[in-house]
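Observations on the model geometry
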Amino acid sequence: MTLSFRLIDRLFWLVWIGFPFAFLGTAELGGLDPAQSPPDICLPWLPDYSVLTPLGQALLWVNFGAEFMVWSIGLGLAHWVIHRAAKGQVFATEILWPVRAMGILLLVWPVASLILDNLTAWSLAGLIPGQTYAPIWMPDIIIMGFGLFLMMIATVLGQAVDLARDAELTI
């Protein structure tokens, strides 16, 4: 089992290498391409970067940076857990807090991101002439479901750690 975790630990470095490129690939730095214009229903949420003031660009980069940092923290916690498991510390108490932290992160961040996205869109609507503000009301429920799943895994893992500790004491 430790061999599997070692392989996953080494392969996780490929995730770290590709993560910044994948994340930067989501940024539309040059503005909207007229040849690939989005549907009209999406336009209230997609500001035209070419008409943004420096304040508007800063707001978008702060939002982008917040997303990048949160997912970096999540990947860091996941890699930390995998690295500990690769060292044979599968049923250890050190594994519990990062799994719980990842669960809480996945539960809280979609709501915080929704609030941050709405504040950014509202601010940009005031900075861009003709830009309308259409609030987004639905957080990413799938990510929140994975957060609940990780919280359940942390609870089960905590019980497994207790059972392993009891087994060590009885031998």
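In this report, we go over the structure that sits alongside the text. What you see is a predicted model, and the numbers here were worked out from it, not measured in a lab.

Parameters at a glance
- Residues numbered from 1 in each chain as written.
- Predicted model: local features only at pLDDT ≥ 70, side-chain atom pairs only at ≥ 80, totals over all residues.
- Heavy atoms only, no water.
- Helix = DSSP H or I, 4+ residues; strand = E, 2+ residues; numbered from the N terminus.
- Expected span 1.5 Å × (residues − 1).
- Bend = angle between axes of the 7 residues up to and from the residue.
- Core = buried A, V, L, I, M, F, W, Y, C linked by side-chain atoms within 4.5 Å.
- Buried < 20%, exposed > 50% of the residue type's maximum accessible area, 1.4 Å probe, protein only.
- Phe/Tyr/Trp six-rings, centres within 6.5 Å; stacked < 30°, edge-to-face > 60°.
- 1 Å grid on protein atoms, 1.4 Å probe; cavity = no way out; pocket = protein on both sides within 12 Å on 5 of 7 lines; lining within 4 Å.
- Points joined across faces, edges and corners; volume = space filled by probe spheres on them.
- Nonpolar A, V, L, I, M, F, W, Y, C, P; charged D, E, K, R; others polar.
- Contact = heavy atoms within 4.5 Å.
- Axes fitted to C-alpha atoms, helices over the stretch in contact; angles between N-to-C directions.
- Parallel < 35°, antiparallel > 145°, perpendicular 65-115°, else oblique.

Comments concerning helix α3 (residues 93-127)
Between its first and last C-alpha atoms α3 spans 50 Å; for 35 residues at 1.5 Å apiece the expected length is 51 Å, and the two agree. At Trp 109, α3 shows its strongest bend, of approximately 30 degrees, with the proline Pro 110 following within four residues.

Details of the nonpolar core
Ranked by internal contacts, the top residues of the largest apolar core, which has 18 residues, are Phe 12, Val 81, Ile 95, Val 99, Met 102, Leu 150 and Leu 157. Those elements that provide at least two residues to this core are α1 (2-24), α2 (54-86), α3 and α4 (141-170). A total of 6 residues in this core trace back to one element, the largest contributor, which is α2.

Some points on the environment of Ser 113
Checked against the element boundaries, Ser 113 lands in helix α3. For Ser 113, a relative accessible area of 8% corresponds to the buried category.

Details of the packing of aromatic side chains
Here the distance between the centres and the angle between the planes together describe a pair of aromatic rings. Following the criterion strictly, the structure yields 4 aromatic pairs and no others. Centroid distance Phe 19 to Phe 68: 5.0 Å. Interplanar angle 20 degrees. Geometry classified as stacked. Pair noted here: Phe 19 is in helix α1 and Phe 68 is in helix α2, with a separation of 49 residues, a long-range link. Using a relative accessible area of 11% as the deciding quantity, one classes Phe 19 as buried. The partly exposed category is assigned to Phe 68, whose relative accessible area is 26%.

Observations concerning the layout of surface pockets
Empty space within the second largest pocket amounts to approximately 160 Å³. Lining the second largest pocket, in full, are Glu 67, Trp 71, Trp 109, Pro 110, Ser 113, Leu 114, Asp 117, Ile 136, Met 138, Pro 139, Asp 140 and Ile 143. When contributions to the lining of the second largest pocket are tallied by element, the ones reaching two or more residues are α2 and α3. Among the elements that make up the lining of the second largest pocket, the one with the highest residue count is α3 (5 residues). Taken together, the residues of the lining of the second largest pocket sort by class into 8 nonpolar, 1 polar and 3 charged.

Some points on α1
Helix length check: α1 (23 residues) gives 34 Å between terminal C-alpha atoms against 33 Å at 1.5 Å per residue, within 8%. Taken as a whole, α1 carries its principal kink of about 35 degrees at Gly 18; the proline Pro 20 stands between one and four residues after it. Considered for burial, the residues of α1 that qualify are Asp 9, Phe 12, Phe 19 and Phe 23. For α1, the secondary structure elements touched by its buried residues are α2.

Here's the deal with the packing of α1 against α2
Each packed pair of helices is defined by two parameters, the angle between the axes and the distance between the axes. Between α1 and α2, the shortest axis-to-axis distance is 8 Å and the interhelical angle comes to 170 degrees. Judged by the inter-axis angle, α1 sits roughly antiparallel to α2.

Any link to function would need more than the numbers given here.
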